[in-house]
Amino acid sequence: MLNRQNKLTTMASRFIKWLTQNKLGILSCLFSFIIMLSFIAITLSRNFAIKQIKQDLQKTITALNEAGYDVSYKKIEFNNIFFYPLIKIEDFSIYNLKGSNLWNLKFNNITANTSLLNSKRINIRTSSDIKLSIDRQNYNFNTQNSTIELKYDKDYNFKSIEIYFDENQIKDIAKIRNITFVARSININTKAPAIIPSLETHVEFKDIKINGLINYPLASNIQRIYAQFNLMGKFDTNDSTLLAAENWLHDGGFIDIPSFNISWKPFMMVGRGNINFNEKFTPQIHLQTTSKALLEMLNELQEKQILERKGVFVANILLNAKAFKIRDKDTHLTITTPISYRDGKLAVENVTVKTTFPQKRQ
């Protein structure tokens, strides 16, 4: 028994001595093994992300085609090596195939990447120069910093998208300090007795400075435009876009606007509303608003021949009768009034002030 213990002690001593003498080599092997496992994990993660992007890209193109739009690009590359962009697209364009106006939105390049070990979060970058063409009229958009983040849940279902553009300029038209768009998917209970939101979106424009040569009402600086839109009802993305839209509409789907805010001093407006659609998916917008300097805004738009004189005149009479001051020192009246858009007509206080919106081409 004693001899056996002595042998074990001797073997342990030799093993410790061997470890001490070869610790650098052992550590190097362990480090190499960890690096190799990490590389394999990263590669697998990026392969999953590439697969998801390809599926989503195909779904998006199919959905756009069904809605009368299409995409084009000069070159597209996928790469599962971490040091390179996950995807790179050159000369990417989205354009319409039919409608009241022919337009084309073009990006010089788009790149996408994932975080180190998370393929469910994709970061997208666009070129700083973006071009929009509408009926041969070109608009050049430049942004100093663009951030687009796309997130998926554990089953690779869409979770959210967040888009931020900072220090933006539309040449010869306006400068916009911040543009924000956020959309989040909401798990919807199909057995719920009421129609509940399945997608929540937020859109915000901050600090817009309009070019002085543009024919605009009021001041040249718009402080803020914000709106929240909720897609009410389930929109089944497993179906074709047209079929999903028809089913969504048939089941009572609509777009809820819980809140919106416009600050264009002296004009200010807040409110809420909804957007419904008929069987041809033509929108019908209904808003309930509270505002200051609405009368001034209407008169400015009428003087610039954007709104109709007769409608503005009648609306002024009705609005003046209900206008009031919240505080005695207020220089602009506060008005609560409905605003709606239906069948190409814009109405304020149920009085049509605009009837010449362009109709869709067949």
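Rules and cut-offs
Residues numbered from 1 in each chain as written. Predicted model: local features only at pLDDT ≥ 70, side-chain atom pairs only at ≥ 80, totals over all residues. Heavy atoms only, no water. Core = buried A, V, L, I, M, F, W, Y, C linked by side-chain atoms within 4.5 Å. Buried < 20%, exposed > 50% of the residue type's maximum accessible area, 1.4 Å probe, protein only. Contact = heavy atoms within 4.5 Å. Helix = DSSP H or I, 4+ residues; strand = E, 2+ residues; numbered from the N terminus. Arc of directions from axis to C-beta. Axes fitted to C-alpha atoms, helices over the stretch in contact; angles between N-to-C directions. Parallel < 35°, antiparallel > 145°, perpendicular 65-115°, else oblique. Nonpolar A, V, L, I, M, F, W, Y, C, P; charged D, E, K, R; others polar. Patch = residues over 30% accessible without salt bridge, like charges linked within 9 Å, V, L, I, M, F, W, Y side chains within 5 Å. Areas by Shrake-Rupley, 256 points an atom, 1.4 Å probe, with all protein chains shown as cover. Salt bridge = Lys/Arg side-chain N within 4 Å of Asp/Glu carboxyl O. Polar contact = N/O pair within 3.5 Å; in protein donor to acceptor, adjacent residues only side chain to side chain. Pairing = 2+ DSSP bridges. Phe/Tyr/Trp six-rings, centres within 6.5 Å; stacked < 30°, edge-to-face > 60°. Lys NZ or Arg CZ within 6 Å of the ring centre and 35° of its normal.

Enquirer: Which residues make up the nonpolar core, and what values go with them?
Expert: By size, the foremost hydrophobic cluster in this structure holds 60 residues, and its most contacted members are I122, W264, F267, L294, L298 and L319. In contact with L298, other than residues within four places in its own chain, are L307, V312, L319 and V348.

Enquirer: Help me get a handle on helix 4 (residues 294-303), residues and values and all.
Expert: Within helix 4 the residues assigned to the buried category are L294, L295, M297, L298, L301 and Q302. Projected onto a plane normal to the axis of helix 4, the buried residues spread over an arc of 160° and lie on a single side. Lining the buried residues of helix 4 we find strand 12 (254-264), strand 13 (267-277), strand 14 (283-292), helix 5 (309-322), strand 15 (334-342) and strand 16 (345-348). Within two residues after helix 4, Q305 carries a phi angle of roughly 60°, on the positive side.

Enquirer: Can you tell me about the packing of helix 4 against helix 5, naming the residues and giving the values?
Expert: In contact at an axis separation of 10 Å, helix 4 and helix 5 are set at 170° when each is read in the N-to-C sense. With respect to their mutual orientation, helix 4 and helix 5 come out roughly antiparallel. Between helix 4, through L294, L295, L298, N299 and Q302, and helix 5, the contact on the second element is made entirely by R309, V312, N316, L319 and N320. Along the lines of polarity and charge, the residues of the contact of helix 4 with helix 5 split into 5 nonpolar, 4 polar and 1 charged.

Enquirer: Account for a nonpolar patch on the surface, naming residues and giving values.
Expert: A surface patch of nonpolar side chains, amounting to about 370 Å² of accessible area, comprises F313, V314, I317 and L318. Within the secondary structure layout, V314 lies in helix 5.

Enquirer: Which residues make up the side chain of S127, and what values do they have?
Expert: Looking at the secondary structure, you find S127 in the loop between strand 5 (121-126) and strand 6 (129-134). A polar atom in the side chain of S127 sits 3.1 Å from the backbone nitrogen of N108. The residues contacting S127, other than those within four sequence positions of it, are F107, N108, N109 and T143.

Enquirer: Quick one: what's the story with unusual backbone geometry, residue by residue and with numbers?
Expert: Glycine aside, negative phi is the norm for most residues, and most peptide bonds take the trans geometry. Cis rather than trans, the peptide bond between K265 and P266 has omega equal to 10°. Of note in the backbone geometry, D91 takes a positive phi value of approximately 50° without being a glycine. You can see D91 is positioned in strand 3 (residues 87-96). For D91, a relative accessible area of 27% gives the class partly exposed. With phi around 55°, E167 is a residue other than glycine that occupies positive phi space. Turning to its location among the elements, E167 is positioned in strand 8 (residues 158-170). Looking at E167, the relative accessible area reads 47%, which means it is partly exposed.

Enquirer: Tell me about the pairing of strand 8, and name the residues and values.
Expert: Looking along a regular strand, one sees side chains alternate from face to face of the sheet. Of the strand pairs in this sheet, strand 7 (residues 137-152) and strand 8 are connected by 11 bridges, and their pairing is antiparallel. Paired with T147 across the strands is Y164, a residue of strand 8. Relative to strand 9 (residues 174-185), strand 8 runs antiparallel, the two being bridged by 10 bridges. The partner of I161 across the bridge, within strand 9, is A183. What sits between the antiparallel neighbours strand 8 and strand 9 is a turn of 3 residues, in which D172 has the positive phi angle 65°.

Enquirer: Which residues make up the packing of aromatic side chains, and what values do they have?
Expert: With the rule as written, the count across this model stands at 4 aromatic pairs. Both rings, one in F141 and one in F165, keep their centres 6.0 Å apart while their planes meet at 50°; by these two values the pair is tilted. Taken as a pair, F141 in strand 7 and F165 in strand 8 lie far apart in primary sequence, 24 residues in all. Both residues of the pair, F141 and F165, count as buried. A network of ring pairs unites the aromatic residues F235, W248 and F277 as a single cluster. Looking at K54, its charged tip hangs above the ring of F78, at a distance of 4.8 Å from the centre.

Enquirer: I'd like to hear about the side chain of T126, residue by residue, with values.
Expert: Relative to the assigned elements, T126 resides in strand 5. Here the side chain of T126 touches S146 through a polar contact of 3.4 Å, side chain to side chain.

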